Amino acid sequence: MNAYAKALKKVSSLFSGRSGTDSKDDARGGGLAKALYNKPFWIFMSMGLVAGVGYWIYRSGKTKGSIDAKIPFVDVPESSTITKTFKETALGYINELFRLTEGIDWTGKTWAGKEVLYAKLVKLDKSQLYYVYDLWLQKFWVEREESLYDTIDSDLGGGTNKDAILERLKSFGLY
């Protein structure tokens, strides 16, 4: 009998309850049948299920706890420059900053993008900068636990615009 036929016979015996030999003296069945009636197997599977459910509860509780965490708020001064259009633009700024600062930039390809973004942030007036800072905290504090100042300061690249925006944030007490 060739090797393929032997392997097929062995596999089929696992599911049929036979031992894989021609003798039928093994009344308890084959490998899979033994595993299904094996007490340590079920104990192990039960422990795995309990551990899985426990981990799921832990993760959902941790997520809920992080949502309920104390997110720092910044009082945004009233201004006519904070329009609906600016709010959409500000959301684009912080999403772009998150994209540019997430992970490690081994190639330096995002440095030019950071410099352009930081130049846009430097041009914002005081209330707009407060709004962007507060929006960053509301959206990314739970994930990073970093303020906008900390994120920009700890990141590489950005050139002179990076230093300018950091000075501007510091002058307003947003650090």
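Structure: above.
Residues numbered from 1 in each chain as written. Predicted model: local features only at pLDDT ≥ 70, side-chain atom pairs only at ≥ 80, totals over all residues. Heavy atoms only, no water.

### Here we look at the overall build of the protein chain
A count of helices and strands for the protein chain gives 8 helices and 0 strands. Put simply, the protein chain runs from its N terminus to its C terminus through helices and strands in the order α-α-α-α-α-α-α-α. For the protein chain, the share of sequence-separated contacts (at least 6 apart) that also reach a separation of at least 24 residues comes to 65%. Accessible surface for the protein chain amounts to roughly 12,100 Å². Of this, 61% is attributable to carbon and sulfur atoms. (Helix = DSSP H or I, 4+ residues; strand = E, 2+ residues; numbered from the N terminus. Contact = heavy atoms within 4.5 Å. Areas by Shrake-Rupley, 256 points an atom, 1.4 Å probe, with all protein chains shown as cover.)

### Examining the pattern of salt bridges
Counted under the stated rule, the structure contains 2 salt bridges. Here E96 makes a salt bridge to R99, at a shortest N to O gap of 2.6 Å. Taken as a pair, E96 and R99 lie in helix 4 (residues 84–101) at a separation of 3 residues, close to a single helical turn. Between K114 and D155 there is a salt bridge, with its nearest N and O atoms 2.5 Å apart. Here K114, found in helix 5 (residues 111–122), pairs with D155, found in the loop between helix 7 (148–154) and helix 8 (159–171); they are 41 residues apart in sequence, far enough to count as distant. (Salt bridge = Lys/Arg side-chain N within 4 Å of Asp/Glu carboxyl O.)

### Considering the packing of helix 4 against helix 5
Helix 5 packs onto helix 4 with a crossing angle of 150° between their chain directions and a minimal axis gap of 10 Å. Comparing their axes, helix 5 and helix 4 come out roughly antiparallel. Where helix 4 crosses over helix 5, the handedness of that crossing is left-handed. In this structure, helix 4 contributes Y93, E96, L97, L100 and T101 to the contact, and helix 5 contributes G113, K114, L117, Y118, K120 and L121. Classifying every residue of the contact of helix 4 with helix 5 gives 6 nonpolar, 2 polar and 3 charged. (Axes fitted to C-alpha atoms, helices over the stretch in contact; angles between N-to-C directions. Parallel < 35°, antiparallel > 145°, perpendicular 65-115°, else oblique. Left-handed = near helix turned anticlockwise from the far one by under 90°. Nonpolar A, V, L, I, M, F, W, Y, C, P; charged D, E, K, R; others polar.)

### Description of a nonpolar patch on the surface
A grouping of L49, V53, W56 and I57 is seen on the molecular surface, where their side chains present a nonpolar patch of about 460 Å² in accessible area. By secondary structure assignment, the location of W56 is in helix 3 (residues 39–67). (Patch = residues over 30% accessible without salt bridge, like charges linked within 9 Å, V, L, I, M, F, W, Y side chains within 5 Å.)

### Quick look at the nonpolar core
Of all hydrophobic cores here, the largest spans 30 residues; its most connected members are L121, V132, L148, I152 and L169. Counting only elements with at least two residues in this core, the list comes to helix 4, helix 5, helix 6 (126–144), helix 7 and helix 8. A per-element tally of this core places helix 6 first, with 10 residues. Every residue in contact with L148, bar those within four places of it in the chain, is listed here: L97, V132, Y133, W136 and L169. (Core = buried A, V, L, I, M, F, W, Y, C linked by side-chain atoms within 4.5 Å. Buried < 20%, exposed > 50% of the residue type's maximum accessible area, 1.4 Å probe, protein only.)

### Remarks on the packing of helix 4 against helix 6
Direction vectors running N to C along helix 4 and helix 6 enclose 45°, while the axes themselves pass 10 Å from each other. Relative to helix 6, helix 4 is oriented oblique. In this structure, helix 4 meets helix 6 at a crossing whose hand is right-handed. On helix 6, the residues that touch F86, K87, A90, L91, I94, N95, L97, F98 and T101 of helix 4 are Q128, Y131, V132, L135, W136, K139, F140, E143 and R144. Looking at the contact of helix 4 with helix 6 residue by residue, the class counts come to 11 nonpolar, 3 polar and 4 charged.

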